[in-house]
Structure formats: C-alpha cells, structure tokens
Amino acid sequence: MFKILMVICLVGVGCEPYYETDGITYATEKACWIALDRKMEMLPELGREPAFQSITAACIPVDANS
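Residues numbered from 1 in each chain as written. Predicted model: local features only at pLDDT ≥ 70, side-chain atom pairs only at ≥ 80, totals over all residues. Heavy atoms only, no water.

Caption draft 1: Main features of the state of the cysteines. Scanning the model with the defined rule gives 2 disulfides in all. For cysteine 9, the disulfide goes to cysteine 15, at an S-S distance of 2.0 Å. Here the S-S torsion is close to 110 degrees, and the disulfide linking cysteine 9 with cysteine 15 is therefore right-handed. With a sulfur-sulfur separation of 2.2 Å, cysteine 32 is cross-linked through a disulfide to cysteine 59. The chirality of the disulfide connecting cysteine 32 with cysteine 59 is left-handed, given an S-S dihedral of about -95 degrees. In this pair, cysteine 32 sits in helix α1 (residues 29–41) while cysteine 59 sits in strand β3 (residues 52–61), placing the two residues 27 residues apart along the sequence. Relative accessible area serves as the criterion here: at 0%, cysteine 32 is assigned to the buried category. (Disulfide = S-S within 2.5 Å. Helix = DSSP H or I, 4+ residues; strand = E, 2+ residues; numbered from the N terminus. Buried < 20%, exposed > 50% of the residue type's maximum accessible area, 1.4 Å probe, protein only.)

See below:
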C-alpha cells in the first residue's frame, strides 16, 4: 500500500512535508503515481504564488511513514 507525500517549499517558511490529508492509500505503486499525476495537473496556479519556491512529490510505502 502506498501514500502520497509532498514537500512544499515557500520563501521565508522553508520546506514542509505534507502527507495526503484525505486518508487515501493506494493498493499499488502504479495506482499511487496515477493519482499523483492527476493531483499535480491541478496545481498550475501554485507556481504563480509569490512565496512558492518548489514542490516535490512521491509515492511512499505506508509503513515508511510509521
């Protein structure tokens, strides 16, 4: 089972890790990456925010964040 992890970096705030807040876990890594691709497509406006620096996202095994 896999979960989505995003690391968002903002000017003056630094970088913060965020686990997906809707509690969804994915049965396979491929299913997780498909969902992550869809989520990333919905974020084009984020790059226009003045404080935004970068975002890194990955699918990680559920037991890796225990």
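The structure having been displayed, the exposition proceeds.
Caption draft 2: Main features of the pairing of strand β2 (residues 14–19). Alignment of strand β1 (residues 2–10) against β2, held across 6 bridges, turns out to be antiparallel. Note on β2: the bridge partner recorded for leucine 10 is glycine 14. In this antiparallel pair of consecutive strands, β1 and β2, the connection spans 3 residues, and glycine 12 shows a positive phi of 80 degrees. (Pairing = 2+ DSSP bridges.)

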